[in-house]
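A closer look at the structure
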Amino acid sequence: MADVLKNKDEVGHILVQVQDDLRQLKKNLVRLTVEENGEVLDIQALDAAISRTENGIRRHADDYLKTINNQVLTLPCIEEPEKKPVPTKLVKWQPQYETIPNARPQRCQIPGPSPGEKHKSALIMRLLNNPFHPKNKEIVQHNYGIQLPHLHKKTGVGTQRVVTGPTLGFAAAHRGLPKHLHPKPPPECRDMNAGLLPSTADLSSVQTPVQPKAVHVLQREDSGQNESEEASKLEMDVSRDGRSATESPGSRTMRTPPPSAASASSDNVLIRGVARLTPLNLQSVPVPAAVSKYPFTIVEGQIDPDDPDYCRFKKQYCLYWGAMVEALDQLKRLLLDFAVPLARVCGERLAACVLSGELEWIDGRGRCAPVEKLFLVLENRDEVWDLMCQPGQRYKGIEGHQAAAVRIQTCWRRYSARTAYLLQLRPKWAAQVIAMSLLKRAKIGHLKKSLQASRLRQLENYRIRAESLAANWKHITSAKRTIIHLPSLGYSQHQRLSLRGFDILQNTQMGRLCDIRDENVEVIYVSPVRLGEDVLQYYTRLLGLQTAIELGDASVPESHCAKRFTILMPEALEYFSTRNMCLASLLKYSPRTLQRIKNLIQGKQAYMIGGVTHVDDLAVADELEVPLLGTEPAVTQLYSTKSGGRRIFSSAGVDMPPGKWDIYTLEQLHESLAQLMTEHMEVQRWLFKIDSEVGGRGTAYCDVCHLKCRPWAQQEFSRHGPEQWRTSHSQELVMIKFLEEVPHLLASNAHPSNTSCYATWTCFLEHFLREGGVIEAFPPSNSVTCLTVDLLVEPGGDVLMLSCGDQLRGPSGLEVLGCTIPQTSICPDILHSICTRVGQACQQRSIMGHISLDLVTFLDPSNLEQQVWAIDLDLGYSNQLAMTQLMLMMTRGTLDCRTSKLEVPPPVRDVKSYARNARVKTKESETSVTSRFAVMCTRLLHTNLSLVYYSTFFLMCKAQGVGYDVKARQGSVFALHDSRDRRSLGMLTISEDLQGALLTFARNLSIIHQEISAPNMQGTNNFKDLIKDIEEVLGITIQNQTTSQEEKEITAAKSEQLSSHKPHRSTPN
């Protein structure tokens, strides 16, 4: 046998040797069967043959796989092939080794391909093995001349396929194809076959030592609308008959030799090699709904080898039994581990999974494939999966106790290791936390120190510049200067967050722009809101009316005053739009705006006027290197409270309402209120004011008429009299009674004046005790008038009265809505005396700049004398002062607070005649100066105003006759606040008398409300409250005029009587 196979390949030698061994064994079995002596079959010969076969297969399996994998067979187009009956009996093939010709001559060793050709060939083979690659069709067409169809399209004609497997040669594989379509084998295949067969050998007529098998390629058929296409099936028929196989030349089947008994154990290796080249996927190949042809069962992890179903399955797939056995071993091991009693296996699905390569158990990293792939072959996989998912099922199977012990030990070791790790990690974590805390504390401490040093430096620079400003104040006010207006409200964060529309509230002082009425003044106004072109254009035209107002002619062109005012908006508005930050803070974080201000004031005398001073005002002033006309932030916070104001009033020696201040506890509140009610029995209402609140928001009231012991206390007071009441013993008894009833009185009869801020007394009391507050008496009179005076404490020490006006209050009498200028409630001399004393007291406490003083006047019911109380003090630029600047610009007049008169000069009608007659001044020209009265409101609120644009609003006012007469210097002027919300605006009405100004103001409110409101959409507004208060003021004004007229008539009548008696007395003489 060795002589015959000298020049043949080693793989062919092994196959021939296997056939020889099997034939020898078969003869021995026949000889033993014929004999009747009952001898036992010699197993050693069978074992030796099987061992030799396994050893040879194991050594050369990889080389054989490479040879098989590199041989590519191309099947022709499948077009409804004629179904020819398969021969029922195949002639058993017996190899005749002597007839195998050695037609290939011996030749020298041919050098192998270059590395580049090897790499290119390997790449081409990988692309050929992947039919989904975009270049697969191009390579097949280029190398083999076959045009493959698109894989994603369904075509009615057959498709050409590339299959791999053991081949007889390219001539046998493509016997049905024309010669010009035969593909050329790759270089690797030619090299591998070089030592086995000659190049001119005709393998079609040579008997090979391998039994051929029939491969029927079936056409795919559509199963219906809702069913996917069935995968193509490979039908393999194996015949064990001894006759030779016959095949027609035109047949489309390929004959391959059957494996020997020795090579059957290597089928799993061969099939796995074939499966790697076959792109099968069970997900894309649907399983037919029909019953499996080859099902079998696995009972308690074991397969009955005598089961007919299992035998049929084994007989059908005997050629691939090596791979099948490996898959079944894995499946049985899995079922044994989980103690699955019964599992039904679908034979076709198992074979498909094995052939597709999905059950390759060991991947590249040495790990087994997922368990889910094994469940594809089970028909009852849902039941098996539910059983396996039950807790503890793994420990019921084979070696369950050992697995449970391993699991317990693993968990315990993991827990122990984790615990030890955490114990070891805890000191490290604690050290890190301590280190981070210390580092954070050190950084925060360093930051605090740097901030304190920065603020201290800013404060020192502020004081240095304040001294320079005081020394040069007279020179600065008489020369050209630039005023930087920063209407910032430096309230606490709690106050700023509680105020609605805080940005618009800061912009209610647009009247500061009217400082340019002085030709030596330039104004830089920093706006806390974004102003549109409509608002900017309005103020440009309004400020340009100075020449027209002075000449009394509206047709005069606008003056070029736009060059003397600039409105800037910080860029930080875009980043902190919802933070309710004060304007000084926004400007501090706006470097571009600061740089622009520096450019505008470069080389000029400039100073800054703020609002309520904040620490950031000092930072901005220090950045701009300009002095600040205002008070230090710490002093402002101390004396701008209700308690701080009462301290200043007490040191100034002005009258104040009876009361107590700096109250922080509930016990102190009760005792103070009981003591005040006992000492001042004439007071009917007591007010409670929170220190930090402004604008009447933090005010509550309580009437003492609800006390049960009030009548008895009033009798005791009447019995002793006002003079003896303070020294009598009965006062102590009354105070004890009051102290007992005060808690119940406050809980049931105390009410906040502004329920939108503090809904109940409990809420108000909580803030009152936290922030501190005062208790003071409400004037004991039915006719009470409040007024506001704006003062300027100059850096040089002088105190100036800039504005004075009577307040218009809301229904509660505690909230300011507007004012009338000039004031007519107090004697101007008394008012000037009070303001001077308060201003000097402020100057002694280093308060500088603008301050606002609130007073109340009434007639004392006991002696009918006028009383004046100082009730509040605000440190900062007020809204009333801003509207006063607008009023003075529109009238070109002067407000003399010493006489409480608004004097307006006549217009210059003819400039030439005025210049010609300027030298002649008569008494008529001196008496031609007229007086005016003004009614103003800084914030008219109406939600329907947001529905109307400003252009439409002014057209509506013009149609209703609401406007300003430049020639007569009287009428109505509006102050716009913003361009976005448009819910608030300011209004100023000027007339020759107070009654006319009030009527004009009320008429304007009524017209605006009717024009912007509908019967079913009245909106939220304060128009009605203002109209009601104006009506009351008008009633009092008419009553006062009637009284004064009657007094004049009585005085005239008395003078006539005296004049008539004089001649009568002179006659006797």
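This text gives an overview of the structure that appears in the document.

So, how was this worked out
Residues numbered from 1 in each chain as written. Predicted model: local features only at pLDDT ≥ 70, side-chain atom pairs only at ≥ 80, totals over all residues. Heavy atoms only, no water. Helix = DSSP H or I, 4+ residues; strand = E, 2+ residues; numbered from the N terminus. Buried < 20%, exposed > 50% of the residue type's maximum accessible area, 1.4 Å probe, protein only. Contact = heavy atoms within 4.5 Å. Areas by Shrake-Rupley, 256 points an atom, 1.4 Å probe, with all protein chains shown as cover. Axes fitted to C-alpha atoms, helices over the stretch in contact; angles between N-to-C directions. Parallel < 35°, antiparallel > 145°, perpendicular 65-115°, else oblique. Nonpolar A, V, L, I, M, F, W, Y, C, P; charged D, E, K, R; others polar. Pairing = 2+ DSSP bridges. Phe/Tyr/Trp six-rings, centres within 6.5 Å; stacked < 30°, edge-to-face > 60°. Salt bridge = Lys/Arg side-chain N within 4 Å of Asp/Glu carboxyl O. Left-handed = near helix turned anticlockwise from the far one by under 90°. Polar contact = N/O pair within 3.5 Å; in protein donor to acceptor, adjacent residues only side chain to side chain. Arc of directions from axis to C-beta.

The next subject is the overall build of the chain. Check the secondary structure of the chain and you find 33 helices and 27 strands. Residues classed as buried in the chain amount to 42% of the 1069 residues present. Here the analysis covers contacts within the chain between residues at least 6 apart in sequence; of these, 72% occur between residues at least 24 apart. Surface accessibility of the chain: about 59,700 Å² in total, with carbon and sulfur atoms responsible for 53%.

On to unusual backbone geometry, then. Of all residues except glycine, most have a negative phi; of all peptide bonds, most are trans. Following Ile821, the chain continues to Pro822 via a peptide bond in cis, the omega torsion being -5°. Unlike most non-glycine residues, Glu625 shows phi in positive territory, near 60°. Considering the arrangement of structural elements, one finds Glu625 in the loop between helix H20 (615–624) and helix H21 (633–639).

For the pair helix H8 (residues 308–316) and helix H9 (residues 321–337), the least separation of the axes is 10 Å and the interaxial angle reads 135°. Comparing their axes, H9 and H8 come out oblique. Side by side, H8 and H9 meet where Tyr310, Phe313 and Lys314 of the first sit next to Trp321, Met324 and Leu328 of the second. Here the contact of H8 with H9 is built from residues that sort into 5 nonpolar, no polar and 1 charged.

Below, the discussion takes up the sheet that holds strand S15 (residues 773–777). Here 5 strands make up an open sheet; going across it, the order is S11-S15-S12-S13-S14 and the pairing antiparallel. Each having just a single partner strand, strand S11 (659–663) and strand S14 (750–752) make up the two edges of the open sheet. In this sheet, adjacent strand axes meet at a mean angle of 20° when their direction is disregarded. Examined bridge by bridge, S11 and S15 share 3 bridges and lie antiparallel to one another. In the sheet register, Lys660 faces S15, and the bridge partner there is Ile775. In the packing of helix H22 (residues 642–652) onto the sheet, the strands contacted are S11, strand S12 (685–690) and S15, and the crossing angle to S11 comes to about 130°. Against the sheet, helix H25 (residues 730–749) contacts S12, strand S13 (699–703) and S14, and its axis sits at roughly 40° relative to S14.

Counting buried positions over the 8 residues of strand S27 (residues 984–991) gives 8, a clear majority of the element. Judged by which residues are buried, S27 turns out to be covered on both faces: Ser984, Gly986, Leu988 and Ile990 on one side and Leu985, Met987, Thr989 and Ser991 on the other are all buried. Bridge count between strand S24 (residues 933–941) and S27: 7 bridges; the pairing is antiparallel. Considered in S27, the bridge of Phe933 is made with Ser991. By the bridge criterion, 6 bridges tie strand S26 (residues 970–976) to S27 in an arrangement that is antiparallel. Following the sheet pairing, Val973 is matched in S27 by Leu988.

With that out of the way, let us pick up the packing of aromatic side chains. This structure, assessed with the given rule, holds 21 aromatic pairs. Measuring from ring centre to ring centre gives 5.2 Å for Phe953 and Phe974, while their planes differ by 75°; the resulting arrangement is edge-to-face. Note that Phe953 is positioned in helix H31 (residues 950–959) and Phe974 in strand S26, a separation of 21 residues in sequence. Of the residues examined, Phe974 reaches a relative accessible area of 4% and is grouped as buried.

To continue, consider the pattern of salt bridges. Pairing is possible between side chains of opposite charge, provided their charged atoms come close. Throughout the structure, instances matching the rule amount to 20 salt bridges. Across the pair Arg647 and Asp662 runs a salt bridge whose closest N-O atoms are separated by 2.5 Å. Separated by 15 residues along the polypeptide, Arg647 in helix H22 and Asp662 in strand S11 bring together distant segments of the chain. In this structure, Glu766 engages Arg770 in a salt bridge whose closest nitrogen and oxygen atoms are separated by 4.0 Å. A residue pair is termed a helical-turn pair when its members lie 3 or 4 positions apart in one helix, as Glu766 and Arg770 do in helix H26 (residues 761–771) at 4 residues.

This paragraph deals with helix H10 (residues 347–356). Across the 10 residues of H10, 7 count as buried, placing the element largely inside the fold. Every buried residue belonging to H10 is among Gly347, Arg349, Leu350, Ala351, Cys353, Val354 and Ser356, and all of these are buried. Positioned one or two residues after H10, Gly357 has a phi angle of 85°, which is positive.

Before going further, it helps to examine the side chain of Thr820. Tracing the sequence through the fold places Thr820 in strand S18 (residues 816–821). Those residues in contact with Thr820 that lie beyond four places of it in its chain are Cys804, Gly805, Asp806, Leu808, Ala934, Val935, Leu994 and Leu998.

Within the open sheet, the 3 strands sit side by side as S21-S22-S23. Their pairing is antiparallel. At either end of the open sheet lies a strand with only one pairing partner, and these are strand S21 (894–896) and strand S23 (930–931). Inspection of the sheet shows S21 paired to strand S22 (residues 901–904) by 3 bridges, in the antiparallel sense. Following the sheet pairing, Asp896 is matched in S22 by Lys901.

Let us now look at the pairing of S26. For S26, the buried fraction is high: 6 of the 7 residues fall into the buried class. Of the pairings in the sheet, the one linking strand S25 (residues 964–965) to S26 comprises 2 bridges and is antiparallel in character. Looking at the pairing, Tyr964 lines up with Gly971 of S26. Two successive antiparallel strands, S25 and S26, enclose a turn made up of 4 residues, where Arg969 displays a positive phi of approximately 55°.

Two elements in contact, helix H19 (residues 591–601) and H20, have axes separated by 10 Å at closest approach and are oriented at 50°. Taken together, the axis directions place H19 and H20 in an arrangement best described as oblique. In terms of crossing hand, the pair formed by H19 and H20 is right-handed. Where H19 approaches H20, its residues Leu594, Ile597, Lys598 and Ile601 are matched on the opposing element by Val620, Glu623 and Leu624. Of the residues in the contact of H19 with H20, the class split is 5 nonpolar, no polar and 2 charged.

For Asn580, the position within the fold is in the loop between strand S9 (565–568) and helix H18 (583–588). Residues contacting Asn580, with those up to four places away along its chain left out, are Arg496, Leu497, Leu499 and Phe502. A distance of 2.6 Å separates the side chain of Asn580 from the backbone oxygen of Arg496, its partner in a polar contact. Within polar-contact distance, the side chain of Asn580 engages the backbone oxygen of Leu499 at 3.5 Å.

Right, let's talk about the environment of Trp686 for a bit. Counting through the fold element by element, Trp686 comes out in strand S12. Taking the C-alpha atoms as reference points, Trp686 and Pro779, separated by 93 residues in sequence, lie 9.1 Å from one another. Aside from chain neighbours lying at most four places away, what touches Trp686 is Pro658, Leu673, Leu676, Met677, His680, Ala700, Tyr701, Cys702, Val704, Ile775, Glu776 and Ala777.

Let us look at H31. For H31, every residue scored as buried is listed here: Tyr950, Phe953, Met956 and Cys957. Each buried residue of H31 lies within a common arc of 120° when the element is viewed along its axis, so the set occupies one face. In H31, those exposed residues whose orientation departs by more than 90 degrees from the buried face are Leu955, Lys958 and Ala959.

So, on to the environment of Leu350. For Leu350, the position within the fold is in helix H10. Judged by its relative accessible area of 2%, Leu350 is buried. As a C-alpha pair, Leu350 and Val377 span 27 residues in sequence and 5.1 Å in three-dimensional space.

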